[in-house]
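What the coordinates show
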Amino acid sequence: GDSVTQMEGPVTLSEEAFLTINCTYTATGYPSLFWYVQYPGEGLQLLLKATKADDKGSNKGFEATYRKETTSFHLEKGSVQVSDSAVYFCALSDNQGGKLIFGQGTELSVKP
Amino acid sequence: DTAVSQTPKYLVTQMGNDKSIKCEQNLGHDTMYWYKQDSKKFLKIMFSYNNKELIINETVPNRFSPKSPDKAHLNLHINSLELGDSAVYFCASRMGGPGWTEAFFGQGTRLTVV
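Read on for an overview of the structure.

Calculation notes
Residues numbered from 1 in each chain as written. Chains lettered and ligands numbered in written order. Predicted model: local features only at pLDDT ≥ 70, side-chain atom pairs only at ≥ 80, totals over all residues. Heavy atoms only, no water. Buried < 20%, exposed > 50% of the residue type's maximum accessible area, 1.4 Å probe, protein only. Helix = DSSP H or I, 4+ residues; strand = E, 2+ residues; numbered from the N terminus. Pairing = 2+ DSSP bridges. Lys, Arg positive; Asp, Glu negative; His and termini not counted. Salt bridge = Lys/Arg side-chain N within 4 Å of Asp/Glu carboxyl O. Polar contact = N/O pair within 3.5 Å; in protein donor to acceptor, adjacent residues only side chain to side chain. Axes fitted to C-alpha atoms, helices over the stretch in contact; angles between N-to-C directions.

**Structural notes on the pairing of strand 2 (residues 10–13) of chain B**
Residue and element names in this part refer to chain B. Where burial is concerned, the two faces of strand 2 differ: the one with Leu-11 and Thr-13 is buried and the one with Tyr-10 and Val-12 is not. Pairing of strand 2 with strand 11 (residues 109–113) involves four bridges; the strand directions are parallel. Residue pairing across strands places Val-12 opposite Thr-112, the latter belonging to strand 11.

**Here we look at the side chain of Asp-30 of chain B**
Residue and element names in this part refer to chain B. Turning to its location among the elements, Asp-30 is positioned in the loop between strand 3 (19–25) and strand 4 (31–37). Here Asp-30 sits buried without a salt bridge, and the closest side chain of opposite charge, Lys-71, lies 5.4 Å off (N-O distance). A polar atom in the side chain of Asp-30 sits 3.2 Å from the side chain of Thr-31.

**Focus: the sheet that holds strand 3 of chain B**
Residue and element names in this part refer to chain B. If you trace the four strands from one edge of the open sheet to the other, you get 1-3-8-7, paired in antiparallel fashion. Both outer strands of the open sheet, strand 1 (4–7) and strand 7 (64–70), are each paired with one neighbouring strand and no more. Along the sheet, successive strands turn relative to each other by an average axial angle of 20°, direction set aside. Pairing of strand 7 with strand 8 (residues 73–78), which is carried by five bridges, proceeds in the antiparallel orientation. Considered in strand 8, the bridge of Lys-67 is made with Asn-75.

Right, here's the structure in full:
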């Protein structure tokens with residue numbers, strides 16, 4: 001079945017450091033891909049999305065490119081802030097049954 | 001004006017009890033979900049409804065029963081609660097059929113079974 005794999009956390013960075021969180025997926029067909037963020041004690045919020053190969057999603061300085069050839073959707077940000085500390089989830093949506101499948105989440109902690 | 005709202009936010013109950021969690025969305029979406037998030041933050045899909053019809057039913061104990069009285073509501077009833085049911089339960093909704101749209105999530109219900 002479809003699945004998403006993210007890099008293990010927690011990831012600890014200093015403020016203004018470069019961030020990469022790796023995400024790879026397995027899917028039949030052509031899924032849509034998403035990054036969600038969960039701040040402590042809150043629900044999930046959509047961070048960005050891409051619906052087809054080579055699309056780049058971007059929001060709040062974060063970006064990710066849908067790479068069909070490597071089945072990847074890595075999240076990047078050039079300069080993280082303390083306020084970016086959260087858990088980040090990569091997800092895919094199949095185009096058949098409507099399932100939204102999540103990776104295991106990567107906790108990011110940014111220190112001043 | 002919360003888009004997806006769940007009640008209650010916290011629920012503490014004893015083993016063996018029956019409890020319900022309610023979810024409502026005011027986004028006009030026709031697909032709704034229940035997810036369970038465990039203590040390691042892993043999110044597992046439990047159920048999905050589209051226009052009040054069950055379309056996804058993952059391997060979930062039959063003590064869990066979803067009910068969708070209309071497409072804006074999806075409630076979760078749990079019978080004979082067990083310690084392992086302790087988790088955060090999230091409701092979500094999305095527009096249209098399967099595919100490209102993102103899902104909107106509620107704030108979660110933290111269920112603690114003692």
